[in-house]
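# Descriptive structure summary
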Number of protein chains: 2
Amino acid sequence: MLSRDEMEAALRKLGAERYHNLHKFHKLLHGGKLNKGQVQAWALNRYYYQIIIPVKDTALMSNMRDPDLRRVWIQRVLDHDGSSAGEGGIERWLKLTDGLGLDRELVKSTDALLPGTRFAVDSYITYVKEHSVLEGMTSSLTELFAPSIHRERIAGMLENYDFIHDDIMVYFKQRLNEAPRDAEHVLELALTWPKSRAEQQGVIDSLIYKLDCLWAQQDALYNAYVDGHIPPGAFVPEDFDDRPRFN
Amino acid sequence: MLSRDEMEAALRKLGAERYHNLHKFHKLLHGGKLNKGQVQAWALNRYYYQIIIPVKDTALMSNMRDPDLRRVWIQRVLDHDGSSAGEGGIERWLKLTDGLGLDRELVKSTDALLPGTRFAVDSYITYVKEHSVLEGMTSSLTELFAPSIHRERIAGMLENYDFIHDDIMVYFKQRLNEAPRDAEHVLELALTWPKSRAEQQGVIDSLIYKLDCLWAQQDALYNAYVDGHIPPGAFVPEDFDDRPRFN
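The subject of this paragraph is the overall build of chain A. In terms of regular secondary structure, chain A is built from 11 helices and 0 strands. Taken from the N to the C terminus, the helices and strands of chain A come in the order α-α-α-α-α-α-α-α-α-α-α. With respect to the principal axes defined by its C-alpha atoms, chain A has extents near 55 × 40 × 35 Å. Roughly 10,000 Å² of accessible area belongs to chain A as shown, and the carbon and sulfur atoms make up 50% of that amount. One finds the centroid of the 30 positive side-chain charges in chain A at a distance of 2 Å from the centroid of its 37 negative side-chain charges.

In structure tokens:
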């Protein structure tokens, strides 16, 4: 078996090599290199990820037989759905899409998603249903790497886009509080729960899966809205023809 | 389609004809006709139903795409699991099994269950996974009929058994507060959500399913602990040979 330090190092190395802050779409996004329509496309597609998170978390909880574990995990569902209407992470994401001038009904319909977004995100539900509770939990280890990307994103997007204002970035500011708490709990489980090298590998593989899931979403965005190959039925920004070209 | 009143009458009629308070095992239980070992067997088996409720509810929530719906439903999970360790309905059920002198580890292991209990209860998880969100929700309409059985049970068991005390009946007292709130919400959904006769029938069938699920648990108890056919591996009360005979 890997030692605790080796295991943590292996997980952090995966983040350093594969987290989606390394994707060229994210670099363009944070660096202020996209036009408004491309930022809209990102927000509209990422909305689907937001609404699937509680679906994934409740599917995972339904595999848990230990009330103590569910009692910790339920906080994530409450964070995303909110304790009352108009609260929670999903609602905060809609403040961003509103602020970007997207029609709320179009966003909520999820009709204009990229198929690549839908398939990648839906795979996350299937993943947690079909894997062990431990692997279902540790697939969320990407949250270890989220705070730095959130900070980068808040600063970069506020600085670089005149259509991004402080009050529509509330989602990311809130996640700066929530994600470290969630990530620490799961990291501790990842380091202490496995009782064999095979279980450790399951944890490592779950993080690789999730990094792939996030990366594939960036790939779909880049292909459609940077390279310009928008699939039939997907969102077409008004300023699509004026988008910046990088090839 | 059935009118609102016809629909409500159809649902209440099912309860009046099929709810498990009509089962002869329940009548013996409430009427003080069982010995301690038979009451232990009931509490030990019913524990499995208690721990599966949040599993069923989170599986159901993972089929919900509407945060508003999840936000209402999550209260049930919090009720059963509690907001912190040592709270919640599962913990309150363990106070009952403790009070009845059952070994907590044996109860929590679920190793000594009747197979009939396990199959009936597990079917509830499968049911909500494989049916519509509406049917998954309305299968809990049995809660409409729960408060009267809880009141009957508290009074009857306190009066009739010298081994039952007020402080171990906390589960039922708490459910007197929770169940009516839950049942009213689901009844309203059952009466307003269906847009076709077929959807109404789905609701009716879901209640029939759930009534069967509860009835089957009573059948398993009666067969094993009254008629005396305990399956291999299941809990055998110390006073089993001294149990009262009714045939």
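From this point, the narrative continues.
In this section: the packing of aromatic side chains. Residues and elements named next belong to chain A. Inspection of every chain in the model, using the stated rule, returns 20 aromatic pairs over all chains. One aromatic cluster is present, formed by W42, W93, Y171 and F172 through successive ring pairs. Over the ring of Y48 we find R118; its NZ or CZ atom is 5.2 Å from the centre of that ring.

What follows deals with the interface of chain A and chain B. Chain A puts 26 residues into the contact, and the matching count from chain B is 27 residues. Summed over both partners, the interface of chain A with chain B buries about 1,800 Å², with 61% contributed by carbon and sulfur atoms. When residues of chain A are sorted by the area they lose upon contact with chain B, R70(A), R71(A) and D81(A) head the list and together hold 29% of the total. Residue D81(A) is joined to R70(B) by a salt bridge in which the shortest nitrogen-to-oxygen separation is 2.6 Å. Summed over the shared surface of chain A and chain B, the result is 9 residue pairs in polar contact (both at pLDDT 80 or more). Broken down by secondary-structure element, the contributors of at least two residues to the side of chain A that touches chain B are α3 (36-61), α4 (67-81) and α7 (115-130) of chain A. For the side of chain A that touches chain B, the element with the highest residue contribution is α4(A), accounting for 8 residues. Of the residues belonging to the side of chain A that touches chain B, the class tally is 14 nonpolar, 5 polar and 7 charged.

The subject of this paragraph is the relation of the copies chain A and chain B. Overlay of chain A on chain B (RMSD 0.0 Å): rotation 180°, translation along the axis 0.0 Å. What we have between these two chains is a two-fold relation. Here 100% of the contact residues of chain A are again contact residues in chain B; the copies associate through an equivalent surface.

Let us look at the nonpolar core. Among the nonpolar cores identified, the biggest contains 167 residues, and L11(A), V39(A), W42(A), L11(B), V39(B) and W42(B) are the most heavily contacted of them. Not counting the four nearest positions on each side in its chain, L11(A) is found in contact with L141(A), F145(A), L187(A), A190(A), L191(A), V203(A), I204(A) and L207(A).

Here we come to the confidence of the model for chain A. For chain A, per-residue confidence averages 94 on the pLDDT scale, and 100% of positions sit at 70 or higher. What the predictor reports for the complex is a pTM of 0.90 with an ipTM of 0.84.

Under the criterion given, the structure shown has 34 salt bridges over all chains. Between D68(B) and R71(B) there is a salt bridge; the shortest N-O distance is 2.7 Å. Residue D68(B) and its partner R71(B) are located together in helix α4 (residues 67-81), separated by 3 residues, close to a single helical turn. We classify D68(B) as partly exposed; its relative accessible area is 42%. Note on R71(B): relative accessible area 16%, which makes it buried. Residues joined by salt bridges that share partners form a network here, namely R76(A), D79(A), R92(A), E143(A), R175(A), E178(A), R181(A) and D182(A).

All names here are of chain B. Over its 16 residues, helix α7 (residues 115-130) runs 22 Å from end to end, which matches the ideal 22 Å to within 8%, given 1.5 Å per residue. If you check which residues of α7 are buried, you get T117, A120, V121, Y124, I125, Y127 and V128. Residues of α7 that are buried make contact with α3 (36-61), α8 (133-138) and α11 (197-226).

Our next topic: unusual backbone geometry. With a phi angle near 55°, T110(A) is a residue other than glycine that sits in the positive phi range. Residue placement: T110(A) occurs in the loop between α6 (104-109) and α7.

Where α3(A) contacts α3(B), the axes come no closer than 7 Å and their chain directions differ by 155°. Between α3(A) and α3(B), the crossing angle belongs to the class labelled roughly antiparallel. Our pair here, α3(A) against α3(B), has a crossing hand that is left-handed. Along its contact with α3(A), which presents T58(A), A59(A) and M61(A), the element α3(B) presents T58(B), A59(B) and M61(B). Of the residues that constitute the contact of α3(A) with α3(B), the class distribution is 4 nonpolar, 2 polar and no charged.

Before going further, it helps to examine the environment of T97(B). Summarising the element assignment, T97(B) is placed in helix α5 (residues 89-99). Those residues in contact with T97(B) that lie beyond four places of it in its chain are A43(B), L44(B), L102(B) and V107(B).

Residues and elements named next belong to chain A. In this model α3 runs 38 Å from its N-terminal to its C-terminal C-alpha over 26 residues, within 8% of the 38 Å that 1.5 Å per residue would give. I52 marks where α3 bends most, by close to 30°; the proline P54 follows one to four residues later. The buried count for α3 comes to 25 of 26 residues, which makes it a mostly enclosed element.

Reading guide: rules and limits
- Residues numbered from 1 in each chain as written.
- Chains lettered and ligands numbered in written order.
- Predicted model: local features only at pLDDT ≥ 70, side-chain atom pairs only at ≥ 80, totals over all residues.
- Heavy atoms only, no water.
- Helix = DSSP H or I, 4+ residues; strand = E, 2+ residues; numbered from the N terminus.
- Areas by Shrake-Rupley, 256 points an atom, 1.4 Å probe, with all protein chains shown as cover.
- Lys, Arg positive; Asp, Glu negative; His and termini not counted.
- Charge placed at Lys NZ, Arg CZ, Asp CG, Glu CD.
- Phe/Tyr/Trp six-rings, centres within 6.5 Å; stacked < 30°, edge-to-face > 60°.
- Lys NZ or Arg CZ within 6 Å of the ring centre and 35° of its normal.
- Contact = heavy atoms within 4.5 Å.
- Buried area = accessible area lost by both parts, 1.4 Å probe.
- Salt bridge = Lys/Arg side-chain N within 4 Å of Asp/Glu carboxyl O.
- Polar contact = N/O pair within 3.5 Å; in protein donor to acceptor, adjacent residues only side chain to side chain.
- Nonpolar A, V, L, I, M, F, W, Y, C, P; charged D, E, K, R; others polar.
- Least-squares fit on C-alpha atoms with pLDDT ≥ 70 in both.
- Core = buried A, V, L, I, M, F, W, Y, C linked by side-chain atoms within 4.5 Å.
- Buried < 20%, exposed > 50% of the residue type's maximum accessible area, 1.4 Å probe, protein only.
- pLDDT = per-residue confidence, 0-100.
- Expected span 1.5 Å × (residues − 1).
- Axes fitted to C-alpha atoms, helices over the stretch in contact; angles between N-to-C directions.
- Parallel < 35°, antiparallel > 145°, perpendicular 65-115°, else oblique.
- Left-handed = near helix turned anticlockwise from the far one by under 90°.
- Bend = angle between axes of the 7 residues up to and from the residue.

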